[in-house]
Each structure stands twice: as C-alpha cells, then as structure tokens.
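# Residue-level structure breakdown
Given next are the chains, with one letter for each unit.
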Amino acid sequence: MASDYASYKLVNTLEGESIQALEVWGVPSYLDEQAIDALKEQIGVLEVQEAAIAEQIDDLTTLFQSRQRPLEDELQTVRSKKVKIDQEIQSAIKAAESDLPPPPGSESLAWVDSTLFGLVCNIIVALNLAVMFFGPRLRKQDGPLLVVLDYVFLSWYVTELTLKTLYHQQNLFIGRIS
C-alpha cells in the first residue's frame, strides 16, 4: 500500500546491511532497532556535551561579569573626573573672557551662574508669561489660583535676585560695556 508520499524499499545502513525502511517524503525511517538505539545513544552523548558547553559558557559569563564590574566603576570615576576638569576649563575660559574679577561671593553659590539655573529661570519666566496671557480668560474660574501663582512667581524672582546678589555682591549690576 504505497501512496504518493510513502513507500517501502530496501536501503543500506551504515554497516552495509540491507533493511526494509519506510520512506516518507524521500526521508527513510529505519525499522532496525539497533540503529535506533545507536542514534539514541549518540543523542545522549551530544546532550551531555551540550550541557558541559552551556555550563562553561555560564562560568565564563560569571567570570567576565565579576571582572567587568570593577572596570565599569573605574570608568565611571574617570568620566566624572573628566566632567569636573571640563567644568574647570570652562570656568577658566569664562573668567579669562570677563573683564571683571571673579564674583566675591561664596563658592557654594557658584551654581547661580550655571546654565541649568539659567534654564530654570527662563522656564519660570515663560510660565509667568503664559499665566499673564491666559489670566484674563481664567480669572472667572480660577481667580484664587492665579493670585497664588502670582505670589509664587514673585517669591521666585526675589529668591533669584537675592542669590545672585549674595554671589556677585557689588558686581551684580556692573558688567562689560556692549
């Protein structure tokens, strides 16, 4: 009973014996029990080899991770030192370009001249402008909120001016002539 995709025929095994096999889609399926047992044994050996190699890979991964951690820490330290030195260079360049002496205030207030602080100040000014623009439309609904926001903006401006005065002192309103 051979169909289009399966047929019985005699095939040669690895040992040279002829045995009957069922060929399905052109791939023989051997009926010899010894050949099947030998193939199963080879699979078992390969599974043991596979497990040993996987264990070696895991061991190497653990080893490299333990060696990588200190190097990553050292890299982070080097990068932070690099950033600090770059900031010092930028401060030196900025001081060299200025006609004024360095600010007489405390060094702990040097962040008042930073780009980040300037960015925060500009964002607050933009928010204040938005509240002033949309305020007349919202006054009917959120009148008390707008009053509170006005006081928050005023408090920020007073704080900003106070910090800059403490840092720059007598040089606050004196600068290069444009």
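Note that the structure is predicted; figures quoted are calculated from it, not measured. (Residues numbered from 1 in each chain as written. Predicted model: local features only at pLDDT ≥ 70, side-chain atom pairs only at ≥ 80, totals over all residues. Heavy atoms only, no water.)

### Considerations on the overall build of the protein chain
We apply this condition: Helix and strand labels come from DSSP, where a helix needs a run of H or I of at least four residues and a strand needs a run of E of at least two; each type is numbered from the N terminus. For the exposure calls, accessible area comes from a 1.4 Å probe over protein chains only, and a residue counts as buried if that area is under 20% of its type's maximum, exposed if over 50%, partly exposed in between. Between two residues, a contact is recorded if the distance between any of their heavy atoms is within 4.5 Å. Accessible surface area values rest on a Shrake-Rupley calculation with a 1.4 Å probe, where residue burial reflects the displayed protein chains alone.
Counting its regular elements, the protein chain contains two helices and three strands. Reading the protein chain from its N terminus to its C terminus gives the helix and strand order β-β-β-α-α. Residues counted as buried form 13% of the 178 residues belonging to the protein chain. Counting contacts in the protein chain only where the partners sit at least 6 residues apart, residues at least 24 apart contribute 45% of the total. Counting only carbon and sulfur atoms, one obtains 62% of the accessible surface of the protein chain, whose full area is about 14900 Å².

### Considerations on unusual backbone geometry
Positive phi outside glycine occurs at Q169, with the angle close to 50°. Its place among the elements puts Q169 in the segment after helix 2 (115-168). We classify Q169 as partly exposed; its relative accessible area is 37%.

### Comments concerning helix 2
Going by this rule: A helix is expected to reach a length of 1.5 Å times the quantity of its residues less one.
The end-to-end C-alpha distance of helix 2, which contains 54 residues, comes to just 16 Å, noticeably less than the 80 Å that a straight helix rising 1.5 Å per residue would cover. Trailing helix 2 by a residue or two, Q169 shows a phi angle of about 50°, which is positive.

### Quick word on a nonpolar patch on the surface
For clarity, the cut-off: Exposure above 30% relative accessible area and the absence of a salt bridge qualify a residue for a patch, where like charges join within 9 Å and nonpolar side chains (Val, Leu, Ile, Met, Phe, Trp, Tyr) within 5 Å. The rule for a salt bridge is simple: a side-chain nitrogen of Lys or Arg has to be within 4 Å of a carboxyl oxygen of Asp or Glu.
Taken together, L116, L119, V120, I123 and L127 make up a surface patch of nonpolar side chains, about 460 Å² in accessible area. Since its relative accessible area comes to 47%, L119 is described here as partly exposed.

### Observations regarding the side chain of H168
Inclusion rule: Definition of a polar contact: a pair of N or O atoms within 3.5 Å, with one able to donate and the other able to accept a hydrogen when the atoms are protein atoms, and with sequence-neighbouring residues admitted only if both atoms are side-chain atoms.
The residue H168 is located in helix 2 in this model. The class of H168 is buried, set by a relative accessible area of 15%. A distance of 2.9 Å separates a polar atom in the side chain of H168 from a polar atom in the side chain of D113. Excluding its chain neighbours within four sequence positions, the residues that come into contact with H168 are P103, P104 and D113.

### A look at the packing of aromatic side chains
To keep things clear, this is the line we draw: Two rings from Phe, Tyr or Trp (for Trp, the six-membered ring) form a pair when their centres sit within 6.5 Å of each other. Planes less than 30 degrees apart are called stacked, planes more than 60 degrees apart edge-to-face, and all others tilted.
On inspection of all chains with the given rule, the structure shows three aromatic pairs. Ring geometry for F117 against W156: centres 5.9 Å apart, planes inclined by 40°, an arrangement best described as tilted. Using a relative accessible area of 22% as the deciding quantity, one classes W156 as partly exposed. Look at F133 and F134: their rings are 4.9 Å apart centre to centre, the planes differ by 85°, and that puts the pair in the edge-to-face class.

### Topic: the side chain of N128
Its location among the elements puts N128 in helix 2. The class of N128 is buried, set by a relative accessible area of 11%.

### Considerations on the nonpolar core
The criterion, for reference: The nonpolar core is taken to be a set of buried Ala, Val, Leu, Ile, Met, Phe, Trp, Tyr and Cys residues, with the residues joined through side-chain atoms within 4.5 Å.
L109, V112, F117, C121, L163 and Y167 form the largest nonpolar core, which has six residues in total. For V112, the contacting residues outside a window of four places in its chain are F117, L163 and K164.

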